[in-house]
Amino acid sequence: MKTVRSIAIVYSEAASGPLSAATALKNVLQNRNPFCHVRLVNIAEIFDHHPLFGKIVRSGIRLFNWQLRNDKVAGLKKQIDLTMFFANRVGKSGIRKISRYWEASPADIVVSVTPMYNPVLYRSAQLANPDVQCITVPVDFEEVRSNYWFTPDVKQYYLNGTARLQLQAAKAGIPEKERFRIDGMPVGVCAYECTPHNRSEQLRAIGLNPAWPVGFLSFGAQGSRNILAITKALAKQHRHLNLIIMCGKNKKLYRQVTALKLPFPVAVYTYLPKTPLRHLHLADFAIGKPSAMTITESLITQTPLIVQQSKGMRPIQKANEEWLKQAKTGIVASTPETIAAAVNEIVNNPVFKEQMDEHHHQALYQMAAFIEKLGKINQIHKPYLHVTA
């Protein structure tokens, strides 16, 4: 294969995790390889070349994000099944239509951090360029159902961030030479580099009291009504506390939270285009949903985590909760009241910090090194590479 010059990293706007993972990988690859063209691609823009399928994909993403904002999770499993049903019925003529994207915007390597659509995605890329290399990075702690991440009928490499994923890949029939074990999920470079040296000054600058513990409360880019309930529960049980609250794109939530009369200092934010890792570094603990990205960001920034137990049919997050419990890097709490009660334990128990040291990883750089090796890219910096089949 010739030396790679163009890398497309494909993400979905369903939730915030895929975009965060894609952005992190793009930034590290572009920084290490300035002569390569590394770009982010919204998967919906690729599938728009097939008007009907593109419309189905965009509608599914909008519905998913509405469910996140409004905590309507009961139909999530059914929606996943329906999405995969349509994806499996894009025939050869549909693949040809979608391949027009790649003909106009060629790529030597296509990396996907989104599930379900990869057979369609990669077949279209391979039709336009038979030499293209395809890489899937699962950004969940395990596969929620068959063919969700692992599809052996389309050649691709898998970079698996957990032992469970690696085992599932083998059971799904992925050849050993196409599945690689890395140490975790990708997270922004800022998670490694943004540790504040003037923490007290930064806290004062946003109206917080450096003498009291700082909590970081976020449920992703879409926001969630859970934030309002958790904030009220914290206010009932705590006084000497600071809270950084991320409301995401949920404008109604932002108005509701800013209208609260709270007994402790707060800094409330609407949607921030960049992952708010700087704010996470300022915190003594975090509260959020049990997503793979939330867990990974807390691990790398060394911020002990309390997650609200998932409701109804949310099997992806159930698996993440089990990982968190086994790793002992956080607490799974069932209600806003139990979350508030867990704050003292998460702040005062040193076991959580000790376990975070145990699970700290360099997965982002492992992924970059694998891509560089596969594409025969001469990187400026010596890569961090430790991947095993």
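Residues numbered from 1 in each chain as written. Predicted model: local features only at pLDDT ≥ 70, side-chain atom pairs only at ≥ 80, totals over all residues. Heavy atoms only, no water.

- In the nomenclature of an unreviewed UniProt entry, the protein is known as Glycosyl transferase family 28 C-terminal domain-containing protein of Niastella koreensis.

### Structural notes on the environment of Ile331
In step 1: Mapped onto the elements, Ile331 comes out in strand S12 (residues 330-333).
In step 2: The class of Ile331 is buried, set by a relative accessible area of 13%.
In step 3: With 42 residues separating them along the chain, Ile331 and Lys289 place their C-alpha atoms 11 Å apart.
In step 4: If we skip the residues at most four places from it in the chain, Ile331 touches Leu305, Ile306, Val307, Leu324, Ala342, Glu345, Ile346 and Phe352. (Helix = DSSP H or I, 4+ residues; strand = E, 2+ residues; numbered from the N terminus. Buried < 20%, exposed > 50% of the residue type's maximum accessible area, 1.4 Å probe, protein only. Contact = heavy atoms within 4.5 Å.)

### A look at the layout of surface pockets
In step 1: Taken as a whole, the second largest pocket holds about 300 Å³ of empty space.
In step 2: Phe141, Gly161, Thr162, Ala163 and Trp323 are, among the 18 residues lining the second largest pocket, the residues nearest its centre.
In step 3: Every element with two or more residues in the lining of the second largest pocket is listed here: helix H7 (163-171), helix H13 (292-301) and helix H14 (315-327).
In step 4: It is H14 that contributes the most residues to the lining of the second largest pocket, four residues altogether. (1 Å grid on protein atoms, 1.4 Å probe; cavity = no way out; pocket = protein on both sides within 12 Å on 5 of 7 lines; lining within 4 Å. Points joined across faces, edges and corners; volume = space filled by probe spheres on them.)

### Observations concerning the sheet that holds strand S3 (residues 109-112)
In step 1: Overall, parallel pairing links the six strands, which are arranged S2-S1-S3-S4-S5-S6 in an open sheet. Two strands bound the open sheet, and with one partner strand each, they are strand S2 (37-42) and strand S6 (179-181). Ignoring strand direction, the axes of neighbouring strands in this sheet form an average angle of 20 degrees.
In step 2: Relative to strand S5 (residues 157-160), strand S4 (residues 133-136) is paired through two bridges, and the arrangement is parallel. Looking at S5, one finds that Thr136 is bridged to Tyr158.
In step 3: Across the sheet, helix H1 (residues 17-32) touches strand S1 (6-11), S2 and S3, and the angle it forms with S2 is around 170 degrees. (Pairing = 2+ DSSP bridges. Axes fitted to C-alpha atoms, helices over the stretch in contact; angles between N-to-C directions.)

### Some details on the environment of Asn160
In step 1: Here Asn160 lies in strand S5.
In step 2: Residues Asn160 and Thr136, spaced 24 residues apart in sequence, show a C-alpha to C-alpha distance of 8.7 Å.
In step 3: Asn160 has contacts with Pro138, Phe150, Leu165, Gln166, Ala169, Arg179, Phe180, Arg181 and Ile182, leaving out every residue within four places of it along the chain.
In step 4: Reaching out from Asn160, the side chain makes a polar contact with the side chain of Gln166 at a distance of 2.7 Å. (Polar contact = N/O pair within 3.5 Å; in protein donor to acceptor, adjacent residues only side chain to side chain.)

### So, the packing of H1 against helix H17 (residues 363-374)
In step 1: It is the contact of H1 with H17, at a shortest axis distance of 10 Å, that shows an interaxial angle of 55 degrees. The orientation of H1 with respect to H17, classified from their angle, is oblique. Note that H1 runs across H17; the crossing there is right-handed. Where H1 approaches H17, its residues Ala24, Leu25, Val28, Leu29 and Arg32 are matched on the opposing element by Leu364, Tyr365, Met367, Ala368, Ala369, Ile371 and Glu372.
In step 2: Its residues assigned to classes, the contact of H1 with H17 comprises ten nonpolar, no polar and two charged. (Parallel < 35°, antiparallel > 145°, perpendicular 65-115°, else oblique. Left-handed = near helix turned anticlockwise from the far one by under 90°. Nonpolar A, V, L, I, M, F, W, Y, C, P; charged D, E, K, R; others polar.)

### Here's the deal with a nonpolar patch on the surface
In step 1: Together, Leu82, Phe85 and Phe86 line one region of the surface with nonpolar side chains, adding up to about 260 Å² of accessible area.
In step 2: When you line up the elements, Phe86 lands in helix H4 (residues 76-87). (Patch = residues over 30% accessible without salt bridge, like charges linked within 9 Å, V, L, I, M, F, W, Y side chains within 5 Å. Areas by Shrake-Rupley, 256 points an atom, 1.4 Å probe, with all protein chains shown as cover. Salt bridge = Lys/Arg side-chain N within 4 Å of Asp/Glu carboxyl O.)

### Details of the packing of helix H5 (residues 92-104) against helix H6 (residues 118-128)
In step 1: In the contact formed by H5 and H6, the axes pass within 8 Å of each other and the chain directions differ by 65 degrees. Here H5 runs over H6; the crossing is right-handed. Contacts between H5 and H6 involve Ile95, Arg96, Ile98, Ser99, Trp102 and Glu103 from the first element and Val120, Leu121, Arg123, Ser124, Ala125, Leu127 and Ala128 from the second.
In step 2: For the contact of H5 with H6, the per-class residue count stands at eight nonpolar, two polar and three charged.

### So, the nonpolar core
In step 1: Ranked by internal contacts, the top residues of the largest apolar core, which has 68 residues, are Ile7, Leu25, Val111, Ile135 and Ile244.
In step 2: Looking at this core, the element that brings in the most residues is H17, giving eight residues.
In step 3: Excluding anything up to four places from it in sequence, Val111 contacts Ile7, Ala8, Ile9, Val10, Leu25, Ile135, Val137 and Ile371.
In step 4: Counting residues in each nonpolar core, the second largest holds 28 residues, with Ile43, Val90, Val110 and Leu121 among its members. (Core = buried A, V, L, I, M, F, W, Y, C linked by side-chain atoms within 4.5 Å.)

### Considering the sheet that holds S12
In step 1: Strand order in the open sheet formed by six strands is S9-S8-S7-S10-S11-S12, with parallel pairing between adjacent strands. Each end of this open sheet is capped by a strand with a single partner; those strands are strand S9 (266-269) and S12. Across the sheet, the mean angle from the axis of one strand to that of its neighbour is 15 degrees, orientation sign disregarded.
In step 2: Where strand S7 (residues 214-218) meets strand S8 (residues 242-246), five bridges bridge the pair, whose relative direction is parallel. Within the sheet, the bridge partner assigned to Phe216 lies in S8 and is Ile244.
In step 3: The strands touched by helix H10 (residues 226-237) are S7, S8, strand S10 (285-288) and strand S11 (305-308); relative to S8, the strand with the most contacts, the crossing angle is about 175 degrees.

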